[in-house]
Amino acid sequence: MHGFVDHLVKDHNEQRKLGEQLKKAQRPEDRKKLREKMKSEVLPHMAGEEASIFSYMRAAGVEAAKEHALEAIQEHHVARIVLQEILQLSPESEVFSAKAAVLVELNKHHMEEEEGMHFPWLEANASKEQLDALFKDYKAAEKAAE
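Here we summarise the structure given alongside this text. Remember, predicted model here, so these are calculated numbers, not experimental data. (Residues numbered from 1 in each chain as written. Predicted model: local features only at pLDDT ≥ 70, side-chain atom pairs only at ≥ 80, totals over all residues. Heavy atoms only, no water.)

If you tally the helices and strands in the protein, you get six helices and zero strands. Sequence-ordered secondary structure for the protein, helices as α and strands as β, is α-α-α-α-α-α. Rg of the C-alpha trace for the protein: 16 Å, near the compact-globule value of 15 Å for 146 residues, within the 12% margin. For the C-alpha atoms alone, the extent of the protein along its principal axes is close to 50 × 25 × 25 Å. Burial status across the protein gives 42% buried among its 146 residues. For the protein, restricting intrachain contacts to residue pairs at least 6 apart in sequence, the fraction spanning at least 24 positions comes to 75%. As presented, the protein carries roughly 7,700 Å² of accessible surface, and 53% of it is formed by carbon and sulfur atoms. Side chains of the protein carry 21 positive and 28 negative charges; the gap between the two charge centres is 6 Å. (Helix = DSSP H or I, 4+ residues; strand = E, 2+ residues; numbered from the N terminus. Rg over C-alpha atoms; globule rule 2.2 N^0.38 Å. Buried < 20%, exposed > 50% of the residue type's maximum accessible area, 1.4 Å probe, protein only. Contact = heavy atoms within 4.5 Å. Areas by Shrake-Rupley, 256 points an atom, 1.4 Å probe, with all protein chains shown as cover. Lys, Arg positive; Asp, Glu negative; His and termini not counted. Charge placed at Lys NZ, Arg CZ, Asp CG, Glu CD.)

This is the structure:
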């Protein structure tokens, strides 16, 4: 596995853990802390993926890859909306856990597609040099989004 893909999978594992904690959190101070941590983990990650993986897939000249990338970008869009709503929601709200559960489910579906389809496709179709360059693009976009 290329270091870039390994990095992405590790990010996903951290997001899974945080999502479950956010969904289960009951104390307002825990909810505040976890939603901020989720924001700092998820938003830069999505920006990095869009600037690297999905940009590459859209430009690869393979219609199916382009369609998968466009769908993934829309999934990011919806996740951003739900995350923004969680950030604006009172941590005492009775819908907090439900909204967090929706975010977790969206993210779970998205990460499963990436790990099951996108990452294998990327490793099969991009050279090591291209993957190295995409990793640099990812890191730059991730840093800019922090």
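There is more to say, and it comes next.
With that out of the way, let us pick up the pattern of salt bridges. Opposite charge on two side chains permits them to pair, given that their charged atoms come into close proximity. In total, this model carries nine salt bridges according to the counting rule given. Here Lys 10 makes a salt bridge to Asp 6, at a shortest N to O gap of 3.2 Å. Placement of both Lys 10 and Asp 6 in helix α1 (residues 3-24) is noted, with a separation of four residues, approximately one turn of the helix. According to the relative accessible area criterion, Lys 10 is exposed, its value standing at 53%. Salt bridges linked by common partners bring Arg 27, Glu 29 and Asp 30 together as one network. (Salt bridge = Lys/Arg side-chain N within 4 Å of Asp/Glu carboxyl O.)

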